[in-house]
Amino acid sequence: MGLKTKAEYIESLRKLKPTVYMFGEKVDNVVDNPRIRAGIETTAETYELAQMPEHRDLMVTKSSLNGEPINRFNNPPQSVEDLVARVKINRLLGRRVGTCFQRCTGLDCMVALSVTTYDCDKKYGTEYHKRFVEFLKHMQTNDLVANAGVTDVKGDRNLGPTEQADPDVYLHVVEKREDGIVVRGAKCHQTGSLSAHEIIVLPTRALKKGDEEFAVAFAVPTDTKGIIHVVGRSSLDTREQDGCDCGNVQYSKYAPTVIFDNVFVPWERVFLCGEWEFAADLVAYFSAFHRQSHGGCKAGKIDCMVGAALTMMAYNGTEKVSHHKEKVIDMIHRAETLYGCSLAASYEGRRMPSGTYFIDPVLANASKIHEGREMAEATRLMIDVAGGFVADLPSDRDFANPAVGPLLKKYLKGASAVPVENRIKMFRLVEKMAMESADTISDIHGGGSPAAHRLTIFRESRNQDKVAAAKRLAGIEE
Ligand code: SF4
């Protein structure tokens, strides 16, 4: 099959028939729904860039399975160079779409599975790795997108999976058959689930003995019987639905809640079933790798925010205002710190027993903690530089209305050489980048909550070496 073009990718989604609800109604034509399509367009750029000669070397690599050219989004890294390429691709794409492009989480799952299925087979003689490799070949050969069914809805956070009043709040196996398993549950924050061909499901947390039914990993097509996608609200979502005041004229992000209502999974697609000790590894590998990923895409988004701030300075006539320049510098150094930390996590990567390369988790989590705080600061600085109309710019429909449009344009005029229409468009983009909840909240909670990032840093930091260093300096011998 080989690499798909952007058009072929979009056509391939048309062949799927997922069950979808949005705004209280069933959506039959997913691809042409303007809200969902704006998200599909972002993922489509991962195909578009792979076809562009200037980006092909970065976007395309050789399959370690058969030597064929594949999109790097289906390549569990085979070297430090692959780890680094991932961060660079994400920055490139983040800058191109100014929001989430939704193809990273599938790769994060594939990385976690490529490491953990191998380790599980070594311990128990299972055949999960062989099944996973067959699935990976399917993904690579057909140039498909997967999304990550990781985050369970979790019910009462005080209680473990077996203690919940309703066991379905953690996705679990409800039946084992000769030909496969049946699962029930729901996964939330499913970024781009309708831009994907496959959903890869992993456990959401570390598990213990007795939790076997929740220790399950598998992959199924997104339109499998029993799977229901309910597209979540985002703060500016009706703009796309209306086709008005979108800000980012092509791209957006959506994230459904995906319900698994007694879904059958054939054994050849099951990658973990009952081996609870490996749930923690799957979660740790998935989340650390996703946090490295954010360092690229969010640096790319800050690039767009810096571009918007500089443009607004030119349009407002504040180019020479020194404190605005200082604010832009503060935005740039935040992007570069984030990016540098993710690159460092990649350069410090190491080979795992399965052959997959994995990043340094401490540096990846440091990058994510930095993002959680500093994206908000970069956003604040962009709004500060742009000005108050980010809050309440009149609609394009008012600008187009002959009764008030000319008056609005007269009073919205900024620097004399700049068409007022451009100033209006840039205000709208700033609003979109600052206020779109589906994307901005992922700065904080994407890849797990900030507390999880901090705990991982503490757990993985080899603090005993630091204690030994301090004791040696103090002359303490034990
Ligand atoms: Fe990828 Fe996550 Fe960034 Fe979206 S937010 S582009 S899925 S790393």
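Residues numbered from 1 in each chain as written. Predicted model: local features only at pLDDT ≥ 70, side-chain atom pairs only at ≥ 80, totals over all residues. Heavy atoms only, no water.

## Looking at the overall build of the protein chain
What counts, and what does not: Secondary structure elements follow DSSP: runs of H or I of four or more residues count as helices, runs of E of two or more count as strands, with numbering from the N terminus. Radius of gyration here uses only the C-alpha atoms, and the compact-globule reference equals 2.2 Å multiplied by the residue count raised to the power 0.38. Residue burial is assigned from relative accessible area. The probe radius is 1.4 Å, only protein chains are included, and a residue is buried under 20% of its type maximum, exposed over 50%, and partly exposed in between. Any two residues having at least one pair of non-hydrogen atoms within 4.5 Å are treated as being in contact.
Each helix and strand counted, the protein chain has 18 helices and 14 strands in total. Relative to the 2.2 N^0.38 estimate, which gives 23 Å for 478 residues, the radius of gyration of the protein chain is 23 Å and therefore close to what a compact globule would have. Dimensions of the protein chain, computed from C-alpha atoms along their principal axes, come out at roughly 75 × 70 × 50 Å. Classification of the 478 residues of the protein chain by burial places 55% in the buried group. In the protein chain, once contacts between residues fewer than 6 apart in sequence are set aside, the share between residues at least 24 apart is 77%.

## With respect to helix α14 (residues 420-435)
For an α-helix, the turn length of 3.6 residues means that residues three or four places apart are oriented alike. The criterion, for reference: In a helix, the anticipated span is given by 1.5 Å times the number of residues less one.
In this model, α14 (16 residues) spans 23 Å end to end at C-alpha, consistent with the 22 Å of a helix rising 1.5 Å per residue. The buried fraction of α14 amounts to 12 of the 16 residues, a majority that puts the element mostly inside the structure.

## Overview of a nonpolar patch on the surface
The condition is simple: Like charges are joined within 9 Å and nonpolar side chains (Val, Leu, Ile, Met, Phe, Trp, Tyr) within 5 Å, but only among residues with over 30% relative accessible area and no salt bridge; these make up the patches. Using the Shrake-Rupley algorithm and a 1.4 Å probe, accessible areas are obtained, with residue cover drawn only from the displayed protein chains. What counts as a salt bridge is simple: a side-chain nitrogen of Lys or Arg found within 4 Å of a carboxyl oxygen of Asp or Glu.
Taken together, the side chains of Y21, V230 and I259 present a nonpolar region at the surface, about 200 Å² in accessible area. Assignment of secondary structure puts Y21 in strand β1 (residues 19-22). Assessed through its relative accessible area of 32%, Y21 is described here as partly exposed.

## Some remarks on the sheet that holds strand β8 (residues 198-201)
Our working rule: The rule for pairing is simple: two strands pair if DSSP sees at least two bridges between them. Inter-axis angles, ranging from 0 to 180 degrees, are taken between N-to-C directions of lines fitted to C-alpha atoms, where helices are fitted over the stretch in contact.
The four strands are arranged β5-β8-β9-β12 in an open sheet whose pairing can be described as mixed. The open sheet has two free edges, formed respectively by β5 (146-149) and β12 (270-273), since each of these has just one partner strand. This sheet shows a mean twist of 20 degrees between the axes of neighbouring strands, independent of strand direction. As paired elements, β5 and β8 share four bridges and run parallel to each other.

## A word on the pattern of salt bridges
For side chains of opposite charge, pairing can occur when their charged atoms come near one another. Summed over the entire model, instances satisfying the criterion amount to 39 salt bridges. Residue D143 is joined to R103 by a salt bridge in which the shortest nitrogen-to-oxygen separation is 3.1 Å. Of this pair, D143 sits in the loop between α6 (128-141) and β5 while R103 sits in the loop between α4 (80-97) and α5 (104-124); the two residues are 40 residues apart in sequence, bridging distant segments of the chain. Residue classification places D143 among the buried residues on the basis of a relative accessible area of 1%. Among the residues examined, R103 registers a relative accessible area of 1% and is labelled buried. Residues joined by salt bridges that share partners form a network here, namely K6, E11, R14, D32, R37, E41, E45 and R96.

## So, the site of the ligand
Convention followed: Residue proximity to a molecule or strand is established when one non-hydrogen atom of the residue lies within 4 Å of it. Put simply, Ala, Val, Leu, Ile, Met, Phe, Trp, Tyr, Cys and Pro go in the nonpolar bin, Asp, Glu, Lys and Arg in the charged bin, and everything else, Gly too, in the polar bin. Per the annotation, domain bounds derive from an automatic or database assignment of domains.
C100, F101, C104, H290, S293, H294 and C297 make up every residue found near the ligand. Tallying contributions element by element places helix α8 (residues 277-316) first for the shell around the ligand, with four residues. Partitioning the shell around the ligand into residue classes produces four nonpolar, three polar and no charged. Each of domain 1 (6-275) and domain 2 (282-463) contributes no fewer than three residues to the shell around the ligand.

## Here we look at the sheet that holds strand β6 (residues 172-176)
Taking strand neighbours across the sheet as the criterion, the six strands line up as β2-β1-β10-β11-β7-β6 in an open arrangement whose pairing is mixed. Every interior strand has two partners, whereas the edge strands, β2 (25-26) and β6, have only one. Note: β6 against strand β7 (residues 180-187), four bridges, orientation antiparallel. When the bridges of β7 are listed, V173 appears paired with V183.

## What to know about the nonpolar core
As a rule of thumb, soluble globular proteins bury nonpolar side chains together. Cut-off, in case you're wondering: The nonpolar core is taken to be a set of buried Ala, Val, Leu, Ile, Met, Phe, Trp, Tyr and Cys residues, with the residues joined through side-chain atoms within 4.5 Å.
In this structure, V183, I200, L202, F218 and F260 are the most contacted members of the largest nonpolar core, which totals 57 residues. When residues of this core are assigned to their parent elements, the largest contribution, eight residues, is made by α5. Of the domains in this structure, domain 1 (6-275) and domain 2 (282-463) are the two that each give at least three residues to this core. What F218 contacts, discounting residues up to four positions off in sequence, is L171, V183, I199, I200, V201, F260, V265, R269, V270 and F271. Grouped together as the second largest cluster of nonpolar side chains are 39 residues, M382, F399, V430 and A434 included.

## Side note on the domain arrangement of the protein chain
We apply this condition: Note on definitions: buried area is the accessible-area loss of two parts on being combined, 1.4 Å probe, summed for both. The definition of a polar contact used here is a pair of N or O atoms within 3.5 Å, where within protein one atom must be able to donate a hydrogen and the other to accept one, and adjacent residues in sequence count solely through side-chain atom pairs.
Domain boundaries in the protein chain define domain 1 (6-275) and domain 2 (282-463). Each of domain 1 and domain 2 has a C-alpha centre, and these two points are 24 Å apart. Listed as interface residues are 54 residues of domain 1 and, on the opposing side, 45 residues of domain 2. Together, the buried faces of domain 1 and domain 2 total about 4,200 Å²; carbon and sulfur atoms form 63% of this surface. Among the residues domain 1 hides against domain 2, the three largest losses belong to L83, V87 and R91. Together they make up 17% of the total. The interface formed by domain 1 and domain 2 includes six salt bridges. D303 is paired through a salt bridge with R95; the nearest N and O atoms lie 3.0 Å apart. On the surface where domain 1 and domain 2 come into contact, there are 29 residue pairs in polar contact (both at pLDDT 80 or more). When residues of the side of domain 1 that touches domain 2 are traced back to their parent elements, those giving at least two are α4, α5 and α7 (237-242). Examining the composition of the side of domain 1 that touches domain 2, we find that 13 residues originate from one element, α5, more than from any other.

## Some points on the side chain of T117
With respect to the element layout, T117 can be found in helix α5. Among residues more than four places away in sequence, those in contact with T117 are Y128, H129, F132 and F271.

## Some remarks on the packing of aromatic side chains
Which entries qualify depends on this criterion: For this analysis, a ring pair means two rings from Phe, Tyr or Trp (six-membered ring only for Trp) whose centres lie within 6.5 Å, classed as stacked if their planes differ by under 30 degrees, edge-to-face if by over 60, and tilted for the remaining angles. Throughout this description, the term charge over a ring refers to an Arg CZ or Lys NZ atom that lies within 6 Å of the ring centre and within 35 degrees of the ring normal.
Enumeration according to the criterion identifies 10 aromatic pairs in this entry. Judged by centre distance (6.3 Å) and plane angle (80 degrees), the rings of Y170 and F214 are edge-to-face. Within this pair, whereas Y170 is found in the loop between β5 and β6, its partner F214 is found in the loop between β8 and β9 (216-221), the two being separated by 44 residues in sequence. In terms of burial, Y170 and F214 fall into one category: buried. A network of ring pairs unites the aromatic residues F132, F135 and F271 as a single cluster. Its end group placed over the ring of Y339, R91 keeps NZ or CZ at 4.5 Å from the ring centre.

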